[in-house]
Amino acid sequence: MITLYELTENYKQLLELAEKAESEEEIELLMDTIDCNKDAAEVKLEGYGVILSELSNKSYYIDSEIKRLQQMKHAINNNIKRLKVACLEYLQTVDNGKVRTKHFNWYLQKNPPSVYVFDEKAIPDKYKSIVTSVKYNKNDIMNDLKAGIKIEGVGIKYGEYSVRYRNIVTGK
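Attention here is on the structure that accompanies the text. (Residues numbered from 1 in each chain as written. Predicted model: local features only at pLDDT ≥ 70, side-chain atom pairs only at ≥ 80, totals over all residues. Heavy atoms only, no water.)

### Some words on the nonpolar core
Counting residues in each nonpolar core, the largest one holds 9 residues, listed as V115, I123, Y127, Y136, I141, M142, L145, I151 and V154. The biggest single contributor to this core is helix α3 (residues 138-146), with 3 residues. Dropping the residues within four chain positions of it, Y127 is found in contact with K135, Y136, N137, D140, I141, D144 and I151. (Core = buried A, V, L, I, M, F, W, Y, C linked by side-chain atoms within 4.5 Å. Buried < 20%, exposed > 50% of the residue type's maximum accessible area, 1.4 Å probe, protein only. Helix = DSSP H or I, 4+ residues; strand = E, 2+ residues; numbered from the N terminus. Contact = heavy atoms within 4.5 Å.)

### Some details on the pairing of strand β2 (residues 104-110)
When strand β1 (residues 98-100) meets β2, the two strands line up antiparallel, connected through 3 bridges. Bridging across to β2, V99 finds its partner in W106. Where β1 folds back on β2, the antiparallel hairpin that results is connected by 3 residues. (Pairing = 2+ DSSP bridges.)

### Looking at the environment of E120
Structurally, the position occupied by E120 is in the loop between β3 (114-117) and β4 (128-130). In the structure, E120 is positioned 32 residues away from E152 in sequence and 9.1 Å away in space, judged by C-alpha atoms. Ignoring anything within four residues of it in the chain, the contact list for E120 reads K128 and Y136. Reaching out from E120, the side chain makes a polar contact with the side chain of Y136 at a distance of 3.3 Å. (Polar contact = N/O pair within 3.5 Å; in protein donor to acceptor, adjacent residues only side chain to side chain.)

### Side note on a negative patch on the surface
Together, E22, E24, E25, E26, E28, D32, D35, D39 and E42 give the surface a local cluster of negative charge. Structurally, D32 is set in helix α2 (residues 24-93). We classify D32 as partly exposed; its relative accessible area is 45%. (Patch = residues over 30% accessible without salt bridge, like charges linked within 9 Å, V, L, I, M, F, W, Y side chains within 5 Å. Areas by Shrake-Rupley, 256 points an atom, 1.4 Å probe, with all protein chains shown as cover. Salt bridge = Lys/Arg side-chain N within 4 Å of Asp/Glu carboxyl O. Lys, Arg positive; Asp, Glu negative; His and termini not counted. Charge placed at Lys NZ, Arg CZ, Asp CG, Glu CD.)

### Some thoughts on the packing of aromatic side chains
In total, this model carries 2 aromatic pairs according to the counting rule given. Geometrically, the ring pair formed by F104 and W106 is tilted, given 6.0 Å between the ring centres and 55 degrees between the ring planes. (Phe/Tyr/Trp six-rings, centres within 6.5 Å; stacked < 30°, edge-to-face > 60°.)

Have a look at this one:
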């Protein structure tokens, strides 16, 4: 089957021949050829239109599906957070914060401490990194605070508890 590109080239050649045609017979022959090519081009364009329409519909469907899956992921992540909060609240009521079930070991683990900046202006320049905005080297600040060095504008904030669990069978 002839391609749309080839049909376009044929039209260009026929137009050149039409410009050079002198007799009525040559012109009539060219017109018949142009009509045949026109019909073939229209069939091709119809097919292209169907394909483009189908691809546009698929693209729209994929966008809709992505949006639906993102909403589902958001809902699932919210459920995970709610379930972990419920587990955290329960484990905080247990004496040692540990429970062993058939498939899981549940326990409380204290999150590592983090630096809490309450006065940015008071922090010495050696802890600042200038990027587009001021960024503090919290690892260096934490190490110095743990070493007993007093730094104005910062302090140690001890983390909240978070729930950790491990599948006994798979180890994950």
